[in-house]
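Architecture and fold: a report
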Amino acid sequence: MGSNEESSWQQRVEQKRQECANKIPAEWRIPDEVIASLYAPLADHRNDLIRSDIIRKSGIMTKEELQITEEYTVGELLAALAKGSLSSVEVTMAYCKRAAIAQQLVSCLTETMFAEAHERAQYLDQLRSQGQVVGPLHGLPVSIKDSFHYKGTEATIGMVSFLGEVSTGNSPLVDILLKLGAVIYVKTNVPQTMMALDSHNNVFGRTLNPWNTTLTPGGSSGGEGALIALRGSPLGVGTDVGGSIRVPALCCGTYGFRPSASRVPNAGTRACSTSGMRFILSCAGPLSMDLGGLEVFFNSVFDIQPSLYDSTVIDVPWRNVTVKPKLRIGLVPEHPVFPLHPPIKRILAEAVRRLEEQGHEIIRLTNEECRIRELNEVALGIFGLDQGALGHVISAGEPVVPALQHIGAQIAKVKQFHKPSLPDMSSMDRLAKLAALNTRRAELKEEYRKMWNQHNLDLCLAPPAQNTAVAHDAFGPAPYTVFLNCLDYPACVIPFGQVNELDATETFRVGSDQIAPEYDYKSVEGAPCGIQLFTTTMRDEECLQMSKLIDLCLRG
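The rules behind these values
Residues numbered from 1 in each chain as written. Predicted model: local features only at pLDDT ≥ 70, side-chain atom pairs only at ≥ 80, totals over all residues. Heavy atoms only, no water. UniProt positions renumbered as here; feature names shortened; annotations may be inferred. Helix = DSSP H or I, 4+ residues; strand = E, 2+ residues; numbered from the N terminus. Buried < 20%, exposed > 50% of the residue type's maximum accessible area, 1.4 Å probe, protein only. Contact = heavy atoms within 4.5 Å. 1 Å grid on protein atoms, 1.4 Å probe; cavity = no way out; pocket = protein on both sides within 12 Å on 5 of 7 lines; lining within 4 Å. Points joined across faces, edges and corners; volume = space filled by probe spheres on them. Salt bridge = Lys/Arg side-chain N within 4 Å of Asp/Glu carboxyl O. Domains from an automatic or database assignment. Buried area = accessible area lost by both parts, 1.4 Å probe. Axes fitted to C-alpha atoms, helices over the stretch in contact; angles between N-to-C directions. Parallel < 35°, antiparallel > 145°, perpendicular 65-115°, else oblique. Left-handed = near helix turned anticlockwise from the far one by under 90°. Nonpolar A, V, L, I, M, F, W, Y, C, P; charged D, E, K, R; others polar. Pairing = 2+ DSSP bridges.

Per an unreviewed UniProt entry, the protein chain goes by amidase and derives from Aspergillus arachidicola. As stated in UniProt under Sequence similarities (unreviewed entry), the record for the protein chain gives "Belongs to the amidase family." UniProt lists a comment for the protein chain under the heading Catalytic activity (unreviewed entry), and it reads "a monocarboxylic acid amide + H2O = a monocarboxylate + NH4(+)".

Printed below as a string of structure tokens:
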């Protein structure tokens, strides 16, 4: 890369960063003495921004604003807004202010629309005073991933090649949220190409994990995860093509739901893939600090028939379902190629213990039945057919971020030590490769259908990842989420427990034929843990209701 080319993209990035920084009002800037109390640089030194209560200590937020952002669930916020005990202006400005503080701490935002949000909140309050309600989300602030278009802002997705392109309209889901009465006030950070489990790019920099700033918040919806964990948003919208909602939910200790493909509108968004080359579909879905918030999202979005706004949506309404009080739950085992860190194994075992105590039946599945490696192999083969994202990086002259390089090295290691389950495709053109991959994908889906029926399963329990949040650029691939994208099964991540002293003495070694991040108890102590629950395609409603049942059981 020539020095002129490098300085060119860096100058464009510096201009963009300065524009973003200038949008934070002076009175919302963290005092120097508070910043000085942190260990800097934050990405290299452990700072627990949640347990240290740094937002309260900043002195920027009023007592009422702290209460609004910390003491209400999504449902309770909507009830208070409906009753009039809180106004949309009060709620919106509390979250705008908290999001601005979060941005200064963990770099979770891309675009901020604080003035527009205040103006919309005033408008919504005026309507309510006249007895008019726009929709079920009337007055509620909602954050969105940077890939969604919001008119008048940019949707760069952290790619230099998209800098300066202003969105001339909204993505369909944004139009729906506005139609429902939401206030869109911020967009959140993503990794370069949106195909990594960090949230780091050359435009907006690196998003940090608020529980421990030396750890990743996950990706690609990592900006959402970090913002919500800091309670800078009551309800956020991410996307998931390989774990991009579920991994940030795990890393940041939030709830996150990946719906079946084409249920929630996700057309009209910024992508760096080649048009027409999407075969494993990205899914839009919610993240929140409370499970009820996810339910509010689905009930509201489906309330106005989303297929009227997005032709790619399957026109099926959200169903009201009841679930059995005692479930048959399939347990996905640890795969020998993708070993689990000690805290993940402990949390899964504890979840199983509590579920069995409550009378749920656990069916221990085998690796032969679950086909984790084979499904990942198919998914990675399909993703690899399109090199459009890399083309955008190269054309802009920007460097590839370390997280993407690390993922590539880990995938290469698996290929080196394990015989592929797919036929040799080296002599095939891309169309023939796609046919072979789709054929194998269909076979694996059929095997899952048979396995599900054979065991008469209601739900499955799986690790959400091999590990909790780990050091920046060390996450690697996501085998325990990607396999569900390949199957197109809806999945919910529930926060449960944290890395603690029980994990301190456990040893973990990555074998020569295995891939996993290194395990260092001291570096991840206190990190959030969680579990992943999934059902079969289009059984999103059952997945959510059974997740609510299991969440109650685990918190018993």
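Following the sequence through the fold, Asp146 ends up in the loop between β2 (141-145) and α8 (172-179). On the accessibility criterion, Asp146 (0% relative accessible area) is buried. In contact with Asp146, not counting residues within four places along its chain, are Thr110, Glu111, Glu154, Ala155, Thr156, Ile157, Gly158, Lys187 and Thr188.

The next subject is the layout of surface pockets. Computed from the structure, the second largest pocket encloses a volume of approximately 430 Å³. Taken together, 17 residues make up the lining of the second largest pocket; nearest its centre are Arg17, Ala21, Gln103, Ser107 and Phe204. Within the residue set of the lining of the second largest pocket, elements represented by two or more residues are α1 (3-22), α6 (88-106), β1 (109-112) and β5 (205-206). Sorting elements by how many residues they give to the lining of the second largest pocket places α1 first, with five residues.

All right, on to the pattern of salt bridges then. Using the criterion set out here, one finds 33 salt bridges in the structure. One salt bridge in this structure joins Arg270 and Glu165, with 2.9 Å as the shortest N-O distance. Here Glu165 lies in the loop between β2 and α8 and Arg270 lies in the loop between β7 (255-258) and β8 (283-288), a separation of 105 residues in the sequence. By relative accessible area, Glu165 is classed as partly exposed at 37%. Residues Asp503 and Arg346 are paired through a salt bridge, measuring 2.7 Å at the closest nitrogen-oxygen approach. With Asp503 in the loop between β12 (491-498) and α19 (521-524) and Arg346 in helix α12 (residues 342-357), the pair connects residues that are 157 residues apart, well separated along the chain. Look at the salt bridges and you will find they share partners, linking Arg263, Arg319, Arg539, Asp540, Glu541 and Glu542 into a network.

So, on to the domain arrangement of the protein chain. The domain architecture assigned to the protein chain consists of domain 1 (11-308) and domain 2 (328-555). Computed from C-alpha coordinates alone, the two centres of domain 1 and domain 2 are separated by 25 Å. Taken residue by residue, the interface counts 57 residues in domain 1 and 71 residues in domain 2. Where domain 1 abuts domain 2, roughly 5,000 Å² becomes buried across the two surfaces, and 59% of that area is made up of carbon and sulfur atoms.

This part is about the packing of helix α14 (residues 372-383) against helix α18 (residues 479-487). Running from N to C, α14 and α18 cross one another at 70°; their axes reach a closest spacing of 8 Å. One element, α14, and the other, α18, form an angle in the roughly perpendicular class. Considering only the axes of α14 and α18, their crossing is left-handed. Taking contact as the criterion, the partners of Ile372, Leu375, Asn376, Val378 and Ala379 in α14 are, on α18, Pro479, Val482, Phe483, Cys486 and Leu487. Of the residues contributing to the contact of α14 with α18, the split by class is nine nonpolar, one polar and no charged.

The next point concerns the sheet that holds strand β10 (residues 361-364). With respect to topology, 11 strands assemble into an open sheet ordered β1-β3-β2-β6-β8-β7-β12-β13-β11-β9-β10, the strand pairing being mixed. Each of the sheet's edge strands pairs with one partner strand only, and the pair in question is β1 and β10. Recorded for the sheet is a direction-independent mean angle of 30° between the axes of neighbouring strands. Contacts from helix α11 (residues 291-301) reach β6 (235-240), β7, β8 and β12, with the element oriented near 140° to β8.

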